[in-house]
Amino acid sequence: MTLSSTSNETSSPDSTAAADAARTAKVHALTQNLLSKSPIYGLILADIQLAAVAAGTVTLWLTLSATHLNSKGGLHGAVSATIVDFATGLAICAHDLRERTGASVDMHLTFLSTAAAGDTVLIRSTAERVGGSLAFVSVDINKLGEDDSETPVTRARHTKYVRGTKEP
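Cut-offs used in this document
- Residues numbered from 1 in each chain as written.
- Predicted model: local features only at pLDDT ≥ 70, side-chain atom pairs only at ≥ 80, totals over all residues.
- Heavy atoms only, no water.
- Patch = residues over 30% accessible without salt bridge, like charges linked within 9 Å, V, L, I, M, F, W, Y side chains within 5 Å.
- Areas by Shrake-Rupley, 256 points an atom, 1.4 Å probe, with all protein chains shown as cover.
- Salt bridge = Lys/Arg side-chain N within 4 Å of Asp/Glu carboxyl O.
- Helix = DSSP H or I, 4+ residues; strand = E, 2+ residues; numbered from the N terminus.
- Expected span 1.5 Å × (residues − 1).
- Buried < 20%, exposed > 50% of the residue type's maximum accessible area, 1.4 Å probe, protein only.
- UniProt positions renumbered as here; feature names shortened; annotations may be inferred.
- Core = buried A, V, L, I, M, F, W, Y, C linked by side-chain atoms within 4.5 Å.
- Contact = heavy atoms within 4.5 Å.
- Phe/Tyr/Trp six-rings, centres within 6.5 Å; stacked < 30°, edge-to-face > 60°.

Student: Please provide a residue-by-residue account of a nonpolar patch on the surface, values included.
Tutor: A cluster of nonpolar side chains, contributed by Val 105, Leu 134, Phe 136 and Tyr 161, occupies part of the molecular surface with about 350 Å² of accessible area. When you line up the elements, Leu 134 lands in strand β6 (residues 134-144).

Printed below as a string of structure tokens:
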């Protein structure tokens, strides 16, 4: 997959392209910062790839290895929660370009199926609403089929406390 950026904003093509490029660069920089500064992200998500960025939404992909699996050989729930935590911060950044993306308040994950070592999962994270105090973000983790079909693996909702994280 290649990194791309899309936007629904109405403005001139040049200004939209510049805004999209700036948004993508900001999210990419946050991705690298989180991976380098968080031992857990660095361990579990070292191979995660940013595929696309749009206003309030990021798409990532990760090819699973033994590191990501539970004792039965499927995607571990704790790894899913780590992916959700990571991806929601990126979606909040994609919303308004903030570098600090808050602290978890509530996280709900629903496990719909599984994925195994060698499978690639596509992660879509969307900041549904970012307010002055709370951000509400949804995440879908889907297993990619050889025909680019997607099978839902995990659906999540994550609420983060964001007061004071946006610079004036």
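Student: Just give me the short version of helix α3 (residues 77-96), but keep the residues and values in it.
Tutor: Spanning 20 residues, α3 covers 29 Å between terminal C-alpha atoms, matching the ideal 28 Å at 1.5 Å per step. Burial within α3 is extensive, with 15 of its 20 residues counted as buried. Looking one or two residues beyond α3, the residue adopting positive phi is Leu 97, at roughly 70 degrees.

Student: Tell me what's going on with the pattern of salt bridges, and back it up with residues and numbers.
Tutor: Counted under the stated rule, the structure contains four salt bridges. Arg 98 is the salt-bridge partner of Asp 96, the closest N and O atoms lying 2.5 Å from each other. The two residues Asp 96 and Arg 98 agree in class, both being buried. As a salt-bridge pair, Asp 140 and Arg 155 come within 3.1 Å of each other at their nearest N and O atoms. In this pair, Asp 140 is assigned in strand β6 and Arg 155 in strand β7 (residues 150-161), connecting sequence segments 15 residues apart. Using a relative accessible area of 25% as the deciding quantity, one classes Asp 140 as partly exposed. Here Arg 155 falls in the partly exposed class, since its relative accessible area comes to 38%.

Student: Account for the UniProt feature "domain: Thioesterase" (unreviewed entry) in the protein, with residues named and values stated.
Tutor: Under the feature "domain: Thioesterase" (unreviewed entry), the UniProt entry names residues 73-143. For the annotated span residues 73-143, helix accounts for 28% and strand for 42% of the residues, and the straight-line distance between the end C-alpha atoms is 15 Å.

Student: An account of unusual backbone geometry is needed here, citing residue identities and associated values.
Tutor: Although it is not a glycine, Leu 97 sits at a positive phi angle of roughly 70 degrees. Relative to the elements of secondary structure, Leu 97 occurs in the loop between α3 and β4 (103-111). Of the residues examined, Leu 97 reaches a relative accessible area of 33% and is grouped as partly exposed. Located in the positive-phi region is Asp 148, a residue other than glycine, with phi close to 70 degrees. In this fold, Asp 148 is placed in the loop between β6 and β7. Under the relative-accessibility criterion, Asp 148 is labelled exposed at 61%.

Student: I'd like to hear about the UniProt feature "transmembrane region" (unreviewed entry) in the protein, residue by residue, with values.
Tutor: UniProt annotation of "transmembrane region" (unreviewed entry) refers to residues 40-62 when read in the numbering used here. Within the segment residues 40-62, helix and strand shares are 22% and 52% respectively, and the terminal C-alpha atoms sit 16 Å apart.

Student: Would you mind going over helix α1 (residues 13-37) in detail, with residue names and values included?
Tutor: In this model, α1 (25 residues) spans 36 Å end to end at C-alpha, consistent with the 36 Å of a helix rising 1.5 Å per residue. Buried within α1 are the following residues: Thr 16, Asp 20, Arg 23, Thr 24, Val 27, Leu 30, Thr 31 and Leu 35.

Student: I'd like a description of the nonpolar core, backed by residues and values.
Tutor: Generally speaking, nonpolar side chains in soluble globular proteins are found buried as a group. Among the nonpolar cores identified, the biggest contains 36 residues, and Leu 45, Val 58, Leu 60 and Ile 123 are the most heavily contacted of them. Of all elements in the fold, only α1, α2 (39-44), β2 (49-54), β3 (57-63), α3, β5 (120-130), β6 and β7 reach the threshold of two or more residues within this core. Per-element accounting of this core gives the leading share, ten residues, to α3.

Student: Hey, could you go over the side chain of Thr 159 for me, with residue numbers and the actual values?
Tutor: Tracing the backbone shows Thr 159 in strand β7. In this view, Thr 159 contacts Ala 103, Ser 104, Val 105, Asp 106, Leu 134, Ala 135 and Phe 136; residues no more than four positions away in its chain are not counted.

Student: I'd like a description of the packing of aromatic side chains, backed by residues and values.
Tutor: Applying the stated criterion across every chain yields a total of one aromatic pair. Note on Tyr 41 and Phe 86: the rings are 5.0 Å apart at their centroids and 75 degrees apart in plane angle, and the pair reads as edge-to-face. Pair noted here: Tyr 41 is in helix α2 and Phe 86 is in helix α3, with a separation of 45 residues, a long-range link. Accessibility assignment for this pair places Tyr 41 and Phe 86 in one class, buried.

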